[in-house]
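Chains, contacts and geometry: an overview
Below are the chains, spelled out letter by letter.
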Amino acid sequence: VCAPIVNGCEFSAELGVPSVHIDNAKASPEAMQHLFELGHRTIGIVTGPLRSPLSRDRLAGARASARERGCEPDLIVMQGDFSIQSGAEAADALLQREHPPTAIFCFNDEMAMGVIRCARRRGLRIPEDLSVVGFDDIRFAQCLEPPLTTIAQPMRAIGEGTVRLLLEILNGHHVTPVSVTVPHTLQVRSSTAPPRRNAEC
């Protein structure tokens, strides 16, 4: 007998298991929209591993948002592994370009922490010289200096929903592979600001 499985945070139709998650493809465009409205055009994106459905969905959403504004060619995509170190390494590669981005959007908060650390090592100020956006709103995000702009996932709601579905299975109730989507929120804090120069697409 196979053990019951419920997926939390990540959804993949191919897996065929119940899941509780946010809509990652809709969340990332909100972060992009925030940066575009501030005046950013050349934006770096640090993804997680692209084998992960949530990384692929976030990247698809970010690209779609840029495409709507005619700015997709100005996106610079780097792949990380969700660690602080990979964020720092991606930022190092982005910031040494001839035309570096004025903002970097990371697909989790830890990589954003790495970006901030790298930027400071290079003598850049956040957000005056570089805007940074994360994803998840981990408990340390608002304690950073400056506090991190990020997409907040309702972790408690995801956890409770995942346990609820699992208990239904354990109690003998048949649970079809249902996808439960919970709301996300863009938390705008002090790590984002208009760029010093407004470049056009």
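Predicted model, so just to flag it, every value in this text is computed and none were measured. (Residues numbered from 1 in each chain as written. Predicted model: local features only at pLDDT ≥ 70, side-chain atom pairs only at ≥ 80, totals over all residues. Heavy atoms only, no water.)

Within the protein chain, the regular secondary structure consists of five helices and nine strands. Rg of the C-alpha trace for the protein chain: 18 Å, near the compact-globule value of 17 Å for 201 residues, within the 12% margin. Across its three principal axes, the protein chain shows a C-alpha extent of roughly 60 × 35 × 25 Å. Looking at the 201 residues of the protein chain, the share that counts as buried comes to 48%. Contacts in the protein chain between residues far apart in sequence, at least 24 positions, make up 77% of those at least 6 positions apart. (Helix = DSSP H or I, 4+ residues; strand = E, 2+ residues; numbered from the N terminus. Rg over C-alpha atoms; globule rule 2.2 N^0.38 Å. Buried < 20%, exposed > 50% of the residue type's maximum accessible area, 1.4 Å probe, protein only. Contact = heavy atoms within 4.5 Å.)

The final tally for this structure, using the stated rule, is two aromatic pairs. When the ring of Phe105 is compared with that of Phe107, the centres are 5.3 Å apart and the planes differ by 65 degrees; the resulting orientation is edge-to-face. For Phe105, a relative accessible area of 0% gives the class buried. A ring pair is formed by Phe105 and Phe135, whose centres lie 6.5 Å apart and whose planes are at 25 degrees; its orientation type is stacked. Taken as a pair, Phe105 in strand S5 (residues 103–106) and Phe135 in strand S6 (residues 131–136) lie far apart in primary sequence, 30 residues in all. Considered together, Phe105 and Phe135 belong to a single accessibility category, that of buried residues. In textbook terms, an aromatic cluster arises when at least three aromatic residues are bridged by ring pairs, as seen for Phe105, Phe107 and Phe135. (Phe/Tyr/Trp six-rings, centres within 6.5 Å; stacked < 30°, edge-to-face > 60°.)

As a further point, take a nonpolar patch on the surface. On the surface, a cluster of nonpolar side chains totalling about 280 Å² of accessible area is made up of Val163, Leu167 and Leu170. Looking at where Leu170 falls in the secondary structure, it is placed in helix H5 (residues 155–170). Owing to a relative accessible area of 55%, Leu170 belongs among the exposed residues under this scheme. (Patch = residues over 30% accessible without salt bridge, like charges linked within 9 Å, V, L, I, M, F, W, Y side chains within 5 Å. Areas by Shrake-Rupley, 256 points an atom, 1.4 Å probe, with all protein chains shown as cover. Salt bridge = Lys/Arg side-chain N within 4 Å of Asp/Glu carboxyl O.)

The subject of this paragraph is the sheet that holds S5. The six strands are arranged S4-S3-S5-S6-S7-S9 in an open sheet whose pairing can be described as mixed. At either margin of the open sheet sits one strand with a lone partner, and together these are strand S4 (75–79) and strand S9 (185–187). Across this sheet, the average inter-strand angle for adjacent strands is 20 degrees, counted without regard to direction. Bridge analysis of strand S7 (residues 149–152) against S9 gives three bridges, and the strand direction is antiparallel. Looking at the pairing, Thr150 lines up with Gln187 of S9. Set on the sheet, helix H2 (residues 53–68) makes contact with strand S3 (43–47), S4 and S6; between it and S4 the angle comes to about 170 degrees. Relative to the sheet, helix H3 (residues 84–95) contacts S3, S4 and S5, its axis offset from that of S4 by approximately 145 degrees. (Pairing = 2+ DSSP bridges. Axes fitted to C-alpha atoms, helices over the stretch in contact; angles between N-to-C directions.)

What follows is about H5. Taking 1.5 Å as the rise per residue, H5 with 16 residues should run 22 Å; its terminal C-alpha atoms sit 22 Å apart, in good agreement. All buried positions along H5 are accounted for by Ile158, Gly161, Thr162 and Leu165. All buried residues of H5 project into a common sector of 100 degrees when viewed along the axis, lining one side. Exposed positions of H5 whose direction lies more than 90 degrees from the buried face are Arg156 and Leu170. Just beyond H5, the residue with positive phi is Gly172, at close to 90 degrees. (Expected span 1.5 Å × (residues − 1). Arc of directions from axis to C-beta.)

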